[in-house]
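Notes for the structure review
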Amino acid sequence: MMFQERLKTVQRNISTVRSIIQVNEKLIRAAFGDKSIITQEWGTEADSIIAQLTQDAPEPRDWRIYDHCAVVTRLYAIYERFVEDLIREWIQVLPDLFPVYADLEEIICNTHRIGVARLLLDITKNRFGHLSVEEVIRGLFHGASGTGEKYELLPDAFLLHEQNLRKDTLDKLFADAGIFNAWSWVKKHRKIKHFVEEVRGSENTAEGELNELIDYRNDAAHGAFIDTILSSNALLELCDFVEALCQALAELVTCQIIKQQTSTGQAQEIGRITEWFKNSQAAVAKVEETTLSVGTRVFLMGEAYCQLATIKSIRINDADQESVQTIRGMEVGLKFDVEARKKLRLYVVK
């Protein structure tokens, strides 16, 4: 995936949060209840360790409130930063996808112009200290004037939101940058659906999960009385939700880039999966005229799905092949290094 490194950063940060939740839960239980957790690991030294824990530890409820507040605040920050980084990279790649400024979606140009105007009004504020007036207006001048100079879009002009990134704000932020129906993609994404249907048992919706995270975060950040303290398991589930949400959004933006690259000849659709055999993790694909080799990397795209996959094996007429030159309409057996499904389309980026 085009944003794999950013996703890895998200996963690493969330993994740290998970570890802290689990370690602190063990410490609380050891200090105020189940001493066997430490006894099993430290044996005869357990008593002195427990004594030190009990001496220096806060009250159990205060400790859990602190963990609750720290986790929801950190998870929201990870999510918000990831969204802004995604939009920032999308904005930066747009001049390569649309070399002529006038060919951009009208809403992108409008957002750009309004954003530049707002930045010029607020340029002296600390949050915009990294910008100069020349930087703010340069891209708009080169784009709107048609001078032939390659234009640039200033990401800051597209990130002037003041509200928490709930569903409607998230949708608008992406739509203003030319990516529409972001939340529709999110709620149909396989990992979000798994979380809502399997983990939560359909007791909530994706929008409801996001709203709860933001409500918890706002209470924690604004010093409100914390009357609901999430258990360690509930906090761990929030980690899973944020990770799934970030992956869904990364796949959305990747899909948009590949679609535009396809329209300009920078990428090419080369086939479609007609059968998927879950037990053997193998697919049958009907392909166009192309060359396929073991190790070739392709994008698999479909409804709320966009994954970079490596071809692990190729089979034609029950015979394994290292490489094959296909003709239009040919059926090829393929194995990938990721989970696939029927009706996904195969793309290669040139």
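Everything discussed here concerns the structure shown above.
This write-up is about the structure you can find in this document. These numbers come from a predicted model, not from an experiment.

Considerations on the packing of helix α4 (residues 60–97) against helix α11 (residues 232–263)
- Relative to each other, α4 and α11 sit at 5°, their axes nearing to 10 Å. Relative to α11, the element α4 is oriented roughly parallel.
- Residue classes in the contact of α4 with α11 are distributed as 20 nonpolar, four polar and one charged.

Let's talk about the pattern of salt bridges
- In this structure the tally under the stated criterion is 24 salt bridges.
- The partner of K167 in a salt bridge is D168, with the nearest N and O atoms 3.5 Å apart.
- Residue K167 is classed as partly exposed on the basis of its relative accessible area of 23%.
- Here R190 makes a salt bridge to E251, at a shortest N to O gap of 2.7 Å. Note that R190 is positioned in helix α9 (residues 190–199) and E251 in helix α11, a separation of 61 residues in sequence.
- Accessibility expressed as a relative area gives 0% for E251, which makes it buried.

Remarks on the side chain of H112
- Here H112 is to be found in helix α5 (residues 106–122).
- Take H112: its relative accessible area is 0%, and that puts it in the buried class.
- Leave out the neighbours within four places in its chain, and H112 touches Y101, G139, L140, E152, L153, L154, A157 and F158.

Here's the deal with the pairing of strand β8 (residues 330–336)
- Here strand β2 (residues 282–287) pairs with β8 via six bridges, running antiparallel. Within β8, the position partnered with A282 by the bridge is K335.
- In this structure, strand β5 (residues 305–316) lies alongside β8, joined through four bridges in antiparallel fashion. Considered in β8, the bridge of S313 is made with K335.

What about a nonpolar patch on the surface?
- Together, L120, V133 and I137 line one region of the surface with nonpolar side chains, adding up to about 220 Å² of accessible area.
- Structurally, V133 is set in helix α6 (residues 133–145).

Brief notes about the nonpolar core
- In terms of nonpolar packing, the biggest core is built from 87 residues, with Y79 and L249 touching the most fellow members.
- In this view, Y79 contacts L165, L170, L210, V242, L245, C246 and L249; residues no more than four positions away in its chain are not counted.
- If you look at the next biggest cluster of nonpolar residues, it comprises 23 residues, including W276, A285, V338 and V348.

Notes on the packing of aromatic side chains
- This model, assessed by the stated rule, comprises three aromatic pairs.
- Seen from their ring centres, Y76 and Y79 are 5.8 Å apart, and the 65° between their planes marks the pair as edge-to-face. Placement of both Y76 and Y79 in helix α4 is noted, with a separation of three residues, approximately one turn of the helix. The same class applies to Y76 as to Y79, namely buried.
- Consider the rings of F195 and F241, whose centres lie 5.5 Å apart with planes at 45°: the pair is tilted. Residue F195 is located in helix α9, and its partner F241 is located in helix α11; the two are separated by 46 residues in the primary sequence. Of the two residues, F195 and F241, neither departs from the other in class, the shared state being buried.

Observations regarding the layout of surface pockets
- For the largest pocket, the calculated volume is near 280 Å³.
- Around the largest pocket, the lining is made up of 15 residues, and of these R118, L160, K172, L173 and D176 lie nearest the centre.
- Secondary structure elements with two or more residues in the lining of the largest pocket: α5 and α7 (167–176).
- Split by residue class, the lining of the largest pocket holds six nonpolar, five polar and four charged.
- Estimates place the volume of the second largest pocket at around 240 Å³.
- What lines the second largest pocket is a set of 13 residues, and nearest its centre among them are A282, A283, R315, G333 and L334.
- The set of elements that each furnish at least two residues to the lining of the second largest pocket consists of β2, β5 and β8.
- Its residues assigned to classes, the lining of the second largest pocket shows six nonpolar, three polar and four charged.

Quick look at α6
- Over its 13 residues, α6 extends 18 Å from the first C-alpha to the last, a length consistent with the 18 Å expected when each residue adds 1.5 Å.
- Backbone geometry just after α6 places G146 at a positive phi near 65°.

Conventions adopted
- Residues numbered from 1 in each chain as written.
- Predicted model: local features only at pLDDT ≥ 70, side-chain atom pairs only at ≥ 80, totals over all residues.
- Heavy atoms only, no water.
- Axes fitted to C-alpha atoms, helices over the stretch in contact; angles between N-to-C directions.
- Helix = DSSP H or I, 4+ residues; strand = E, 2+ residues; numbered from the N terminus.
- Parallel < 35°, antiparallel > 145°, perpendicular 65-115°, else oblique.
- Nonpolar A, V, L, I, M, F, W, Y, C, P; charged D, E, K, R; others polar.
- Salt bridge = Lys/Arg side-chain N within 4 Å of Asp/Glu carboxyl O.
- Buried < 20%, exposed > 50% of the residue type's maximum accessible area, 1.4 Å probe, protein only.
- Contact = heavy atoms within 4.5 Å.
- Pairing = 2+ DSSP bridges.
- Patch = residues over 30% accessible without salt bridge, like charges linked within 9 Å, V, L, I, M, F, W, Y side chains within 5 Å.
- Areas by Shrake-Rupley, 256 points an atom, 1.4 Å probe, with all protein chains shown as cover.
- Core = buried A, V, L, I, M, F, W, Y, C linked by side-chain atoms within 4.5 Å.
- Phe/Tyr/Trp six-rings, centres within 6.5 Å; stacked < 30°, edge-to-face > 60°.
- 1 Å grid on protein atoms, 1.4 Å probe; cavity = no way out; pocket = protein on both sides within 12 Å on 5 of 7 lines; lining within 4 Å.
- Points joined across faces, edges and corners; volume = space filled by probe spheres on them.
- Expected span 1.5 Å × (residues − 1).

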